[in-house]
Every structure is written in structure tokens, then in C-alpha cells.
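Residues per chain are reported as follows:
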Amino acid sequence: MENTLSKKGKIRQDMIGSNNHSWAGGKSGYCKRKSLERDNYTCQKCGYKNNNIMIVDHIKPKSVYPHLQFNIDNLMTLCPNCNAMKTLSDIKKHQIGRKVKEKWKLA
Ligand SMILES: [Zn+2]
């Protein structure tokens, strides 16, 4: 019970934070948390589950679809392995520029 209450408290704090300049970070953190909870911290591709290392991925990359960045329907929980594979296929599919390639040392 106590757990549920403190979770709600955190979400509310993010909403209060919407007036200061860390708003974007707070909102993205909130969306990620919601997505992790919805997916029960389980990789949506391989089913692997580990609360500590899961990554929240944008189904449609935010560099291509920035307006979907905070849309929870565009988020899914992936393990680091599946996230790396998806990132590589996104790069091929969307021809995402150098910045991403450098991040993954493909340049
Ligand atoms: Zn996975």
C-alpha cells in the first residue's frame, strides 16, 4: 500500500514541476516510468525482465517523429540487446544521420 502511495506522490511532483525549466526532462521521465509500468518491466521483443537495466525505446524514432516523443503509445520497454538491434534497424530504415551512427560507432 505504501508503495502505491509514494508512486502517486512522485507522479504528482512531476506535474508540479511542469512550470520550471526541467519540465522536458520531467515529462520524459514520467513517460518512461509509465511505459515501464505498463510493460511490467519486460522486454517487448524477447520477454527478458530486469527492473534495473530495461530501456524505454521510441517505436518511431524521436529524431524522425519528434512530436511522438512523449506519446506513451510510441514507447516500448526493451532489454539492452533488443534496443541495440532496433536502433540499428532504425538507422537503416530511416537513414538517421551521423549523430546516431557515431553513438553506435558505425561512422
Ligand atoms: Zn529483449
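As shown above, the structure is provided for reference.
Owing to the predicted nature of the structure, the values given are computational and were not obtained by experimental measurement.

K.L.:
Give me the lowdown on the environment of tyrosine 41, citing residues and values where you can.
P.N.:
The residue tyrosine 41 is located in the loop between helix H2 (23–38) and strand E1 (55–58) in this model. Taking the C-alpha atoms as reference points, tyrosine 41 and leucine 78, 37 residues apart in sequence, are found 8.4 Å from one another. When residues no more than four places from it in sequence are discounted, the contact partners of tyrosine 41 are Leu36, Lys49, Asn51, Met54 and Thr77.

K.L.:
Which residues make up the environment of asparagine 51, and what are the values?
P.N.:
Positionally, asparagine 51 belongs in the loop between H2 and E1. We classify asparagine 51 as exposed; it has 9 C-beta atoms within 10 Å.

K.L.:
Just give me the short version of unusual backbone geometry, but keep the residues and values in it.
P.N.:
In this structure, asparagine 40 is a non-glycine residue whose phi angle is positive, near 55°. Summarising the element assignment, asparagine 40 is placed in the loop between H2 and E1. At tyrosine 41, a residue that is not glycine, the phi angle is positive and equals roughly 55°. For tyrosine 41, a count of 16 C-beta atoms within 10 Å gives the class partly exposed.

Conventions and cut-offs
Residues numbered from 1 in each chain as written. Predicted model: local features only at pLDDT ≥ 70, side-chain atom pairs only at ≥ 80, totals over all residues. Helix = DSSP H or I, 4+ residues; strand = E, 2+ residues; numbered from the N terminus. Contact = placed C-beta atoms within 7 Å. Buried ≥ 20, exposed ≤ 12 C-beta atoms within 10 Å, placed from the backbone.

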